[in-house]
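Residue-level listing of the chains:
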Amino acid sequence: MKVHRAKATMESHVTQISRDDLEDLREAFNRIDTDKSGFVSDFELQELFREASFSLPGYKVREIAETFIAGDTNKDEKISFTEFVAIFQELKSKELSETFRKSITKRDGIRSFGGTSAKSSEGTQHSYSDEEKVAFVNWINKGLTKDKDCQHLLPMNPDDESLFTSVRDGILLCKMINQSQPDTIDERVINTKKLSTFTMTDNLVLALNSASSIGCTVVSIDAHDLMAGKPHLVLGLLWQIIKVGLFADIAISGNGLIGLLTDSENLDDLMSLSPEDRLLRWVNQHLQNAGTSTISNFSEDIKDSKAYFHLLDQIALQKEHGYKKNVKIDMSAINERNLDRRAEMMLRQAARLDCRQFVSPSDVTSGNGKLNLAFVANLYNMHSGVQMSQTNGVGAAPLIEPETNEEKTFRNWMNSLGVAPHVNHLFCDLCDGLIIMQLYEKVNVPVNWKKVNNPPYPILGVNMKKLENCNYAVELGRDVAHFSLVGIGGENLNEGSRLHTLALVWQLMRRYTVSVLSDVGDGDKVGDQIILNWVNSTLRQNRKDTQLSSFKDKLISTSLPVIDLIDAIAPGTVRWDMVKRPQRGALNDADKLNNAKYAVSLARKIGARVYTQPEDLVQVNPKMVLTLFAALMGNGMKKAER
């Protein structure tokens, strides 16, 4: 393989690339690989490095390209994604960081420091972006300015390191999670007074488990890392949390993104698009309406600010029709010769729409892809202005089934495990089988990757390759994992069948959830009755009268068995004045939901990785109820071992 030849050109120790960084590299590569061939040319390498936010002078990029080509026996002068990652790893290694330090100027905003997470190799050199730090500080200051529990932290100074110390007590992280996904954390559970190392750690554990429940990958971060304020981990976690919030409303239903369908497309085409691609399409719809050129990325194509000027102007024109505040965008600076001044004038117009967030003029002119994506996402959330499609002939948009709570839970669970690519739509994104293969490995089902077809797929027969993957996924589930897959074939997964896909994914999630019960037996041998018996036995031993007949027991709708079990596992955790108990008759729905929110947050606070939503308890969804009790059982067993 050519990747070995590329690696052989440099002999330094290679820095490991995190899954989040790998996903960012993939996104950068795809933006340059416009023909989707799976390769970029050597002359596109500098643009690719810029997309990956790794700025190098041109002569250095040419040296790298020449070195690569010298070792390329095929002489095709093409670079695959795997080869690009290998080159990137070499450049990020500790030895080469000295070589290229002079090219990373203060204007680039990159700062380096030593030390790592306890879970990674000691001595690794890490870096973080000043631009990201400033953008996140400003976003947090604006979003939490009126929060009484954050007054001891805000406003933070974007020019110092206060962001990294602000997360130490866990309060700010919990609040940011709720800002991105409201009601994820019951704020009655957050420790806000008389803080000690113990109570701050509780908050951080709550924040990490809650971040996982909304789809953030936190497997390489622990409470000690955050308490130490390690910059690259803090920024990485905050970006994930902020991104979840920014993309939450970029859904097909609700905001009318279905209006972006072209005449030759169907719903599946739109549903398969990533949020980034949907945003790009939204911007281009406005640019087409303005009669100007469209863009293909949020980095190189927006550096001159012209696309942004036209986008803001189109939004303002739509605001004239029904919006309470009319704004006239001043387009006079669109031809300003100094790009930094032009970008500043553009951002002043964005401020009039209350959307001057995430980017500075230099972030625009340098093409910072991550921050410009955040800028556009926020602009969309504030002023979507999508015109509804009339593709069905009668003026009404075709209907798309909204995501159910169960589907959302499955999707967040997958993303929290760090699968790549990110799962945006459960059924479309699983139809090539690749995510399912990764999930098999997460539950210790071996995958023979030589039998798996990886992209880029051939132009002809692309669906056949995906179908082969799905057939193999069913084979693994049936013959190796011993799942119940009666009536499920690879074609069902390939076609995105809700019923069949959910049946397989549920069994994967169940296996993952009970796999923590190693003292009881292998994950596939732990039956529901074993978990139920443990729950009742633990409740009984601690003199609790909330016994369960099954995971369908209506008593679960009150959440009292869950709260009692948490009190048994971690005495002193429950504040009983917060718990609603039936006085005369049954609890009403509001009291049930109140208890459920409290119970789920308590479970996460004591360290249980819980994906169950409060509504699952109120509605007594037996699948999600099982996963919650299994997580609590694993947590209780660990505490008993200490």
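## Observations concerning the overall build of the protein chain
Now for step 1: Helix and strand counts for the protein chain come out as 28 helices and four strands.
Now for step 2: In the protein chain, which comprises 642 residues, the share counted as buried stands at 55%.
Now for step 3: The contacts of the protein chain with a sequence gap of at least 6 include a subset with a gap of at least 24, amounting to 61%.
Now for step 4: Of the roughly 29400 Å² of accessible surface on the protein chain, a fraction of 49% belongs to carbon and sulfur atoms.

## What to know about the confidence of the model for the protein chain
Now for step 1: Of all residues in the protein chain, 82% attain a pLDDT of 70 or more, and the chain-wide mean is 85.
Now for step 2: Segment residues 1–14: pLDDT under 50, and 28 contacts once partners within four positions in sequence are set aside and those in other chains are kept.

## So, the layout of surface pockets
Now for step 1: In this model, the second largest pocket occupies a volume close to 730 Å³.
Now for step 2: The wall of the second largest pocket is formed by 29 residues, among which Asn-209, Gly-607, Ala-608, Arg-609 and Lys-638 lie closest to the centre.
Now for step 3: Counting only elements with at least two residues in the lining of the second largest pocket, the list comes to α10 (197–213), α23 (498–514) and α28 (622–641).
Now for step 4: Grouping the constituent residues of the lining of the second largest pocket by class yields 15 nonpolar, eight polar and six charged.

## What to know about the state of the cysteines
Now for step 1: All chains considered together, the criterion is met by zero disulfides.
Now for step 2: Of the cysteine sulfurs around Cys-150, a residue in no disulfide, the closest is that of Cys-174, at 9.5 Å.
Now for step 3: For Cys-150, a relative accessible area of 0% gives the class buried.
Now for step 4: Free of any disulfide, Cys-470 has its nearest cysteine sulfur in Cys-431, 6.7 Å distant.
Now for step 5: Taking relative accessible area as the criterion, Cys-470 reaches 0% and is therefore assigned buried.

## Side note on the packing of aromatic side chains
Centre distance and the angle of the planes are the two values used to describe a pair of aromatic rings.
Now for step 1: Considering all chains together, one arrives at nine aromatic pairs under this definition.
Now for step 2: Put simply, the rings of Phe-29, Phe-81 and Phe-84 touch in pairs and so form one group of aromatic residues.

## Quick word on the side chain of Ser-129
Now for step 1: Locating Ser-129 in the fold gives a position in strand β4 (residues 126–129).
Now for step 2: When its relative accessible area of 11% is taken as the criterion, Ser-129 is described as buried.
Now for step 3: Of the polar contacts made by the side chain of Ser-129, one reaches the side chain of Glu-131; its length is 3.0 Å.
Now for step 4: A distance of 3.2 Å separates a polar side-chain atom of Ser-129 from the backbone nitrogen of Glu-132.

## Here we look at the pattern of salt bridges
Now for step 1: Here the structure, examined in full by the defined rule, presents 25 salt bridges.
Now for step 2: The partner of Lys-230 in a salt bridge is Asp-225, with the nearest N and O atoms 3.1 Å apart. For the pair formed by Lys-230 and Asp-225, the shared burial category is buried.
Now for step 3: Its salt-bridge partner being Glu-276, residue Lys-243 comes within 3.6 Å of it at the nearest N-O pair. Here Lys-243 is found in helix α12 (residues 231–247), whereas its partner Glu-276 is found in helix α14 (residues 275–289), with 33 residues between them in sequence.

## What about the nonpolar core?
Now for step 1: Ranked by size, the top nonpolar core spans 164 residues in total, and within it Leu-279, Trp-282, Met-414, Tyr-440, Ile-531, Phe-629 and Leu-632 carry the most contacts.
Now for step 2: Counting residues per element, this core draws most heavily on α12, at 11 residues.
Now for step 3: When residues no more than four places from it in sequence are discounted, the contact partners of Ile-531 are Val-514, Leu-517, Val-526, Phe-551, Leu-626, Phe-629, Ala-630 and Met-633.
Now for step 4: Counting residues in each nonpolar core, the second largest holds 20 residues, with Ile-32, Ala-65, Val-85 and Leu-91 among its members.

## Examining the environment of Glu-406
Now for step 1: If you trace the backbone, Glu-406 turns up in helix α19 (residues 405–416).
Now for step 2: Here Glu-406 falls in the buried class, since its relative accessible area comes to 18%.
Now for step 3: Measuring from C-alpha to C-alpha, the distance between Glu-406 and Met-624 comes to 8.1 Å, with 218 residues separating the pair along the chain.
Now for step 4: Once residues lying within four places of it in the same chain are set aside, the contact partners of Glu-406 are Leu-502, Asn-621 and Lys-623.

## A short note on the environment of Arg-348
Now for step 1: Relative to the helices and strands, Arg-348 resides in helix α16 (residues 339–352).
Now for step 2: Distance from Arg-348 to Ile-329, taken between C-alpha atoms, is 9.6 Å for residues 19 residues apart in sequence.
Now for step 3: At 2.9 Å, the side chain of Arg-348 and the side chain of Glu-344 are in polar contact.

## Quick notes on unusual backbone geometry
Now for step 1: Here the bond from Leu-154 into Pro-155 is cis, since omega is -5°, no more than 30 degrees from zero.
Now for step 2: Note on placement: Pro-155 falls in the loop between α7 (130–143) and α8 (162–166).
Now for step 3: In the segment running from Ala-420 into Pro-421, the intervening peptide bond is cis, with an omega of 0°.
Now for step 4: Note that Pro-421 resides in the loop between α19 and α20 (434–442).
Now for step 5: Positive phi outside glycine occurs at His-482, with the angle close to 60°.
Now for step 6: On the accessibility criterion, His-482 (57% relative accessible area) is exposed.
Now for step 7: Phi is positive for Arg-543, which is not a glycine, with a value near 60°.
Now for step 8: Among the secondary structure elements, Arg-543 is positioned in the loop between α24 (528–541) and α25 (560–569).

Definitions and limits used
- Residues numbered from 1 in each chain as written.
- Predicted model: local features only at pLDDT ≥ 70, side-chain atom pairs only at ≥ 80, totals over all residues.
- Heavy atoms only, no water.
- Helix = DSSP H or I, 4+ residues; strand = E, 2+ residues; numbered from the N terminus.
- Buried < 20%, exposed > 50% of the residue type's maximum accessible area, 1.4 Å probe, protein only.
- Contact = heavy atoms within 4.5 Å.
- Areas by Shrake-Rupley, 256 points an atom, 1.4 Å probe, with all protein chains shown as cover.
- pLDDT = per-residue confidence, 0-100.
- 1 Å grid on protein atoms, 1.4 Å probe; cavity = no way out; pocket = protein on both sides within 12 Å on 5 of 7 lines; lining within 4 Å.
- Points joined across faces, edges and corners; volume = space filled by probe spheres on them.
- Nonpolar A, V, L, I, M, F, W, Y, C, P; charged D, E, K, R; others polar.
- Disulfide = S-S within 2.5 Å.
- Phe/Tyr/Trp six-rings, centres within 6.5 Å; stacked < 30°, edge-to-face > 60°.
- Polar contact = N/O pair within 3.5 Å; in protein donor to acceptor, adjacent residues only side chain to side chain.
- Salt bridge = Lys/Arg side-chain N within 4 Å of Asp/Glu carboxyl O.
- Core = buried A, V, L, I, M, F, W, Y, C linked by side-chain atoms within 4.5 Å.

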